Structures are given as structure tokens and as C-alpha cells.
Amino acid sequence: MHQLLFDYISKYMPLTDDEKKVILDLDLFREVKKGTLLLKEGEKSNLGYFVLKGCIRKFYIIDGEEKTTNFYTELQGEVPECVTNNKPSTYYLSCIEDSIISASTSDLDEEVFAKFPRFETLCRIVSEDLLVKSQSSLDDFKNSSPSKRYENLLATRPDLIQRIPQHQLASFLGITPQSLSRLKARLLKTNK
């Protein structure tokens, strides 16, 4: 499992053996069962999450209805806004699969940065990359029809189609589960 993380980091910068050892010694990764709530609306937290294996869903409950806004899968992370603004969370984070995740605090990050300043540079580079991807994804979402959103999802994150329950996928796309079923059927007919 750790090799997956090392390969991911090496896309941005090579790691020395000492740096790999620091990561291993931190023992950051833990197994989390499907259905575990990592964060609830109204809670404060100081933990940021990184998914090594599995899937975390971000959702709000609005008028009693769950509204999914993101899925974090392998080699993706989420730092809840409550970590930086020290206010209660406005949303939930839940594991929708058995997962292996890291949970780190800013204090732990500072400790690692002090030992290996290159990690701070790495985190900045990765954060910038993720911010650009996130903004692009949001722009595509806002400017697309539900059909186009689904097609984009098929093209960019096809694994989600198989992994995510249909009602959560529909919520993520901003449509009802019935509309998603019709959309899938229509696309199947078109592609035959």
C-alpha cells in the first residue's frame, strides 16, 4: 500500500529513502469501515484526510435530503473547511467503502515539514494541482446539462459509476435516481 503513495508523490518529486522512512514511521494510515462518519455537521475537527484505498463521500443534509457534492477516492484528499476556519462543519464526510485513509493535523504536518522542508513544497505543489482540477471540475459541472455531467463522469471517473450507489450518484449529478436511470437507458440506446 505504501508503494502506491510513494509512486503518487514521485509524480511531483522523488523521495529519498530517509523521507520514505519518515512517512512509514508516522504510521498515518488506518483502516476505516464502510459507513463510518468521519465528520458530522456541527462538529469541529482538526483532521485532514487522504484516501489510499476506498472512498469518502462529502454531503450536506438540506431539508432532510442528502445532497452529495464530492467523492474522494484513491490518492485524493479533503481538508474540511472547519479545520482552517475553526467553525463547526456545515457538512458530513462518510466512508462509503471499507477504506484505508490517513488523518493528519496541522501540528503533525508542521512536525514533518520541520524534519523535511521539501514536504512543505510538495504539499504546496499538490494543493495547487488539486485546486486547479477542482475549479475546472466545478466550472464543467455548472456549465453542463445533466446528460453532459454524466458523460463527463464516465470519461473522467468511470470507476465511480460502479462503486457508488445510484441514489448518491444521482445526488452528485444534481438529478433524481429516476432521471439517472432514464439517462443511462437513453445513452445505452444511443451507443448501440
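Provided above is the structure to which this section pertains.
Here goes a summary of the coordinates provided. Because the structure is predicted, anything quoted here is derived from the model rather than measured.

1. A closer look at helix 8 (residues 166-173)
- In terms of burial, helix 8 is largely enclosed, as 6 of its 8 residues are buried.
- Among all positions in helix 8, only Gln 168, Leu 169, Ala 170, Ser 171, Phe 172 and Leu 173 are buried.
- Looking at the packing, one finds that the buried side of helix 8 touches strand 4 (56-62), strand 5 (65-72), helix 5 (117-142), helix 6 (146-156), helix 7 (158-163) and helix 9 (177-190).
- Backbone geometry just after helix 8 places Gly 174 at a positive phi near 80 degrees.

2. Observations regarding the environment of Arg 118
- With respect to the helices and strands, Arg 118 occurs in helix 5.
- Separated by 99 residues in the primary sequence, Arg 118 and Glu 19 have C-alpha atoms spaced 9.4 Å apart.
- Apart from residues no more than four positions distant in its own chain, Arg 118 is found in contact with Met 13, Pro 14, Leu 15, Thr 16 and Glu 19.
- Among the polar contacts listed, one links the side chain of Arg 118 to the side chain of Glu 19, at a separation of 2.9 Å.

3. Let's talk about the packing of aromatic side chains
- One pass over the structure, following the stated rule, counts 6 aromatic pairs.
- Plain terms: the ring middles of Tyr 8 and Tyr 12 are 5.6 Å apart, the flat faces sit at 75 degrees to each other, and that makes the pair edge-to-face.
- Ring centres 5.7 Å apart and planes at 45 degrees place the aromatic pair Tyr 8 and Phe 50 in the tilted group. Residue Tyr 8 is located in helix 1 (residues 2-10), and its partner Phe 50 is located in strand 3 (residues 48-53); the two are separated by 42 residues in the primary sequence. There is no split in this pair, since Tyr 8 and Phe 50 are both buried.
- An aromatic cluster is present here, built from Tyr 8, Tyr 12 and Phe 50 joined pairwise through their rings.
- Between the NZ or CZ atom of Arg 57 and the centre of the ring of Phe 59, over which it lies, the distance is 3.8 Å.

4. A look at the sheet that holds strand 1 (residues 29-32)
- Read across the sheet, 4 strands follow the order 1-8-3-6 without closing on themselves; strand pairing throughout is antiparallel. For this open sheet the edge positions go to strand 1 and strand 6 (76-78), each flanked by a neighbour on one side alone. Direction aside, neighbouring strands of the sheet carry axes that sit 35 degrees apart on average.
- Pairing analysis gives 5 bridges linking strand 3 to strand 8 (residues 99-104), with the strands arranged antiparallel. Residue Phe 50 lies in a different strand from strand 8, and its bridge partner there is Ser 102.
- Sheet strands touched by helix 1: strand 1 and strand 3. Its angle to strand 3, the strand with the most contacts, is close to 115 degrees.

Thresholds, definitions, all that
For every chain, the first residue of its written sequence is number 1, and the numbers climb from 1 along that sequence. Local features in this predicted model are restricted to residues whose pLDDT is 70 or higher, and side-chain atom pairs enter the listing and the counts only when it is 80 or higher, whereas totals over whole chains, interfaces and linings include all residues. Hydrogens and water molecules were not included; the side-chain quantities draw on all heavy atoms of the structure. Burial classes: relative accessible area under 20% of the type maximum marks a residue as buried, over 50% as exposed, and values in between as partly exposed (1.4 Å probe, protein chains only). Think of it this way: any DSSP run of H or I at least four residues long counts as a helix, any run of E at least two long counts as a strand, and we number them from the N terminus. We call two residues in contact whenever any of their non-hydrogen atoms come within 4.5 Å of each other. The term polar contact refers here to a pair of N or O atoms within 3.5 Å; inside protein, the definition further demands a hydrogen-donor-capable atom paired with an acceptor-capable atom, and it admits residues adjacent in sequence only when both atoms are side-chain atoms. Two aromatic rings, drawn from Phe, Tyr or Trp (for Trp, its six-membered ring), form a pair once their centres lie within 6.5 Å of each other, and the interplanar angle then sorts them: stacked below 30 degrees, edge-to-face above 60, tilted otherwise. To sit over a ring, a charge needs its Lys NZ or Arg CZ within 6 Å of the ring centre and within 35 degrees of the ring normal. A pair of strands is considered paired only if DSSP assigns at least 2 bridges between the two. Every angle, taken between N-to-C directions, lies between 0 and 180 degrees, and every axis is a line fitted to C-alpha atoms, over only the stretch in contact when it is a helix.

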